[in-house]
Amino acid sequence: MPAQKPTYQPDTEQPLLRQTGIGLRPPHHEALLEIRPAEIGWLEIHAETYMGGGAARHALEQLRAIWPVSVHGTGLGLGSAELPDAVHLERLATLVERTEPVLVSEHLAWSSLSGFYFNDLLPLPYTTESLDIVCRNVDVVQTWLKRPILIETPSTYLRFRDSQIAEADFLGRLAARTGCGILCDVNNIYVSSVNHVGLEAAPAVAEAYLDSLPPTAVHEIHIGGHSEVPADGRSMLVDDHGALVAEPVWRLYASAVQRFPHAATLLEWDSNLPPLQHLVAEAEHATRRRADALAASDDSRNDPERSSDERAA
Ligand SMILES: [Fe+2]
């Protein structure tokens, strides 16, 4: 009999749902320990930053005694044709064992080939063949870690002619086959939509993407800022996590919260890192937007006639 797949069970009482979390970045270690902002619900670490010892490891030990922590990996290369690197996987397993995170997540990307490592999260075509490969790699990781992981919706800047499966469907099939969950990054979905179909059509395409995700598989939502850059005579969006969350992304976030009310929210900020209090204010704003979205969802359930009128308006 095949071994039972690990699967996520939504926990509606989990404290992660009460407040927004923030990405933990080393320049904020000291301020977080000193101020201990009560508006922050949890912290998410980049796995590779905390795999070693030293000051980062020491700070993490103190911080995890205050907040729940999740581990977000960037280096497994689950889209690589090769198996995940055993040394890297062992380091990740050790970090997970020590940190006891509430969630573990990774990217739908590849970053190495025949011993060459690229410092980037590279995209993959969505085919039945690549799905088999990613499923195999996710199975390996989940077996190694002895727990399910979440796979993040990527931001993309090109599409492959060979792709046969829509990205959201690819992630849904991955979740169904491996028991993994999905991390829905609404900024990434918006960025990809604008890059592929343009500013005007992007909101509808992004909403359709959310519609295609299996709701019970989504356990975390990422929000973050992006920037606009010129490319080949047109504008492209880059998910550099270096600004406030843009208004169209907030609107998409509200839709995601209504579709996935059991998913915890995490604010990412990487470039142009502001002082901690700026992050705390943006996280608080997200907590309010989440509550507003859920209240609006309840209102429309309680008054279906009003909501159908509003839809027709
Ligand atoms: Fe993200």
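Per chain, residue numbering runs from 1 following the sequence as it is written. Restriction of local features to residues with pLDDT of at least 70 applies here, the model being predicted, together with a cutoff of 80 or more for giving and counting side-chain atom pairs; totals for whole chains, interfaces and linings are based on all residues.

*Asks:* Talk me through the overall build of the chain; I want residue IDs and the actual numbers.
*Replies:* The helix count covers DSSP runs of H or I at least four residues long, the strand count covers runs of E at least two residues long, and both are numbered beginning at the N terminus. Secondary structure assignment for the chain yields 10 helices and 12 strands. Both definitions apply: the radius of gyration is a C-alpha atom measure, and the globule rule equals 2.2 Å times residues to the power 0.38. At 19 Å, the chain has a C-alpha radius of gyration in line with the 20 Å of a compact globule built from 313 residues. Overall, the C-alpha framework of the chain stretches about 55 × 50 × 50 Å when taken along its three principal axes. Looking at the chain residue by residue over its 313 residues, the buried ones come to 39%. With C-beta atoms placed from the backbone, a residue is buried if 20 or more other C-beta atoms are within 10 Å of its own, exposed if 12 or fewer are, and partly exposed between those counts.

*Asks:* Provide a residue-level description of unusual backbone geometry, including the pertinent values.
*Replies:* Phi is positive for Arg 36, which is not a glycine, with a value near 45°. Overall, Arg 36 belongs to the exposed group, with 11 C-beta atoms counted inside 10 Å.

*Asks:* Let's hear about the packing of helix H8 (residues 247-259) against helix H9 (residues 276-302): which residues, and what values?
*Replies:* To get an axis, a line is fitted to the C-alpha atoms, and for a helix only the part in contact is used. The angle between two axes follows their N-to-C directions and goes from 0 to 180 degrees. The N-to-C vectors of H8 and H9 enclose an angle of 55°; their axes lie 9 Å apart at closest approach. Compared by their axis directions, H8 and H9 come out oblique. Note that H8 runs across H9; the crossing there is right-handed. The residues of H9 that touch H8, namely those facing Trp 250, Tyr 253, Ala 254, Val 257 and Gln 258, are Arg 289, Arg 290, Ala 293, Leu 294 and Ser 297. Under the scheme applied, nonpolar residues are Ala, Val, Leu, Ile, Met, Phe, Trp, Tyr, Cys and Pro; charged residues are Asp, Glu, Lys and Arg; polar residues are all the others, including Gly. When grouped by side-chain class, the residues that make up the contact of H8 with H9 number 6 nonpolar, 2 polar and 2 charged. Any angle that falls under 35 degrees is termed roughly parallel, while one over 145 is termed roughly antiparallel, one within 65 to 115 roughly perpendicular, and all others oblique. A clockwise turn of the near helix away from the far one marks a right-handed crossing, whereas an anticlockwise turn of less than a right angle marks a left-handed crossing. Residues are scored as being in contact if the C-beta atoms we place from backbone atoms lie within 7 Å.

*Asks:* Could you give an account of the environment of Ala 166, naming the residues involved and the relevant values?
*Replies:* Of note, Ala 166 is situated in the loop between strand E7 (150-152) and helix H5 (167-178). Separated by 46 residues in the primary sequence, Ala 166 and Ser 212 place their C-alpha atoms 9.1 Å from one another.

*Asks:* An account of the sheet that holds strand E2 (residues 43-46) is needed here, citing residue identities and associated values.
*Replies:* Whether parallel or antiparallel, the strands of a sheet pair through hydrogen bonds between backbone atoms. If you walk around this closed barrel you meet the 8 strands as E1-E2-E3-E4-E7-E8-E9-E12, and the pairing is parallel. Geometrically, the sheet is characterised by an average inter-axis angle of 30° between neighbouring strands, direction not taken into account. Two strands are said to pair when DSSP picks up at least two bridges between them. With 4 bridges connecting them, strand E8 (residues 181-185) and strand E9 (residues 218-224) associate as parallel partners. For Asp 185, the partnering residue across the bridge sits in E9 and is His 222.

*Asks:* A description of the environment of Ala 263 should follow, citing residues and the corresponding values.
*Replies:* Within the secondary structure, Ala 263 sits in the loop between H8 and strand E12 (264-268). As for Ala 263 and Ala 217, which are separated by 46 residues in sequence, their C-alpha atoms are 9.2 Å apart.

*Asks:* I'd love a proper account of the nonpolar core, names of residues and values included.
*Replies:* Note on terminology: a nonpolar core is a set of buried residues of type Ala, Val, Leu, Ile, Met, Phe, Trp, Tyr or Cys, with members joined through C-beta atoms within 7 Å. If you look at the biggest cluster of nonpolar residues, it comprises 74 residues, and the most contacted ones within it are Ile 151, Leu 171, Ile 182, Cys 184, Val 186, Tyr 190 and Ala 256. Setting aside its immediate chain neighbours within four residues, Cys 184 contacts Thr 153, Leu 213, Val 218, Ile 221, Ala 256, Phe 260 and Ala 263.

*Asks:* Before we move on, can you summarise the pairing of strand E3 (residues 69-72) with the specific residues and values?
*Replies:* The alternating pattern of E3 places Val 69 and Val 71 on one face and Ser 70 and His 72 on the opposite face, and all of these are buried. Note: E2 against E3, 4 bridges, orientation parallel. Within E3, the position partnered with Leu 43 by the bridge is Val 69. The sheet contact formed by E3 and strand E4 (residues 104-107) spans 2 bridges and is parallel. Within the sheet, the bridge partner assigned to Val 71 lies in E4 and is Val 104. Viewed with both strands pointing away, a crossover whose connecting path from the first strand over the helix to the second turns clockwise is right-handed. Since E3 and E4 lie parallel, the crossover through helix H3 (residues 86-99) that links them has a hand, and here it is right-handed.

*Asks:* Give me the environment of Ala 296: which residues, what numbers.
*Replies:* Residue position: Ala 296 is located in helix H9. Judged by the 14 C-beta atoms lying within 10 Å of it, Ala 296 is partly exposed. Separated by 42 residues in the primary sequence, Ala 296 and Ala 254 place their C-alpha atoms 9.4 Å from one another.

*Asks:* Tell me about the pairing of E2, residues and numbers included.
*Replies:* It is a general feature of regular strands that their side chains alternate between the two faces of the sheet. With 2 bridges connecting them, strand E1 (residues 21-23) and E2 associate as parallel partners. Residue pairing for E2: Ile 22 is matched across the bridge by Leu 43. Once the chain exits E1 it traverses helix H1 (residues 29-35) before rejoining the sheet at E2, and the crossover so formed is right-handed. The parallel pair E2 and E3, bridged by helix H2 (residues 54-63), forms a crossover whose chirality is right-handed.

*Asks:* Help me get a handle on the packing of H3 against helix H4 (residues 128-145), residues and values and all.
*Replies:* At their nearest, the axes of H3 and H4 sit 10 Å apart, and the two run at 45° to each other. Considering the angle they form, H3 stands oblique to H4. For the crossing formed where H3 meets H4, the hand is right-handed. Contacts between H3 and H4 involve Leu 89, Ala 93 and Val 96 from the former and Val 141, Trp 144 and Leu 145 from the latter. Taken together, the residues that form the contact of H3 with H4 break down as 6 nonpolar, no polar and no charged.

*Asks:* Give me H8: which residues, what numbers.
*Replies:* The span expected for a helix works out to 1.5 Å for each residue beyond the first. The terminal C-alpha atoms of H8, which comprises 13 residues, lie 19 Å apart, in line with the 18 Å expected from a rise of 1.5 Å per residue. Among the residues making up H8, those that are buried are Val 249, Leu 252, Tyr 253, Ala 256 and Val 257. One face of H8 carries all of its buried residues, which in axial projection span an arc of 145°. Taken together, the buried residues of H8 touch E8, helix H6 (186-197), helix H7 (202-212), E9 and H9. Working note: the arc is built from the helix axis to C-beta atom directions.

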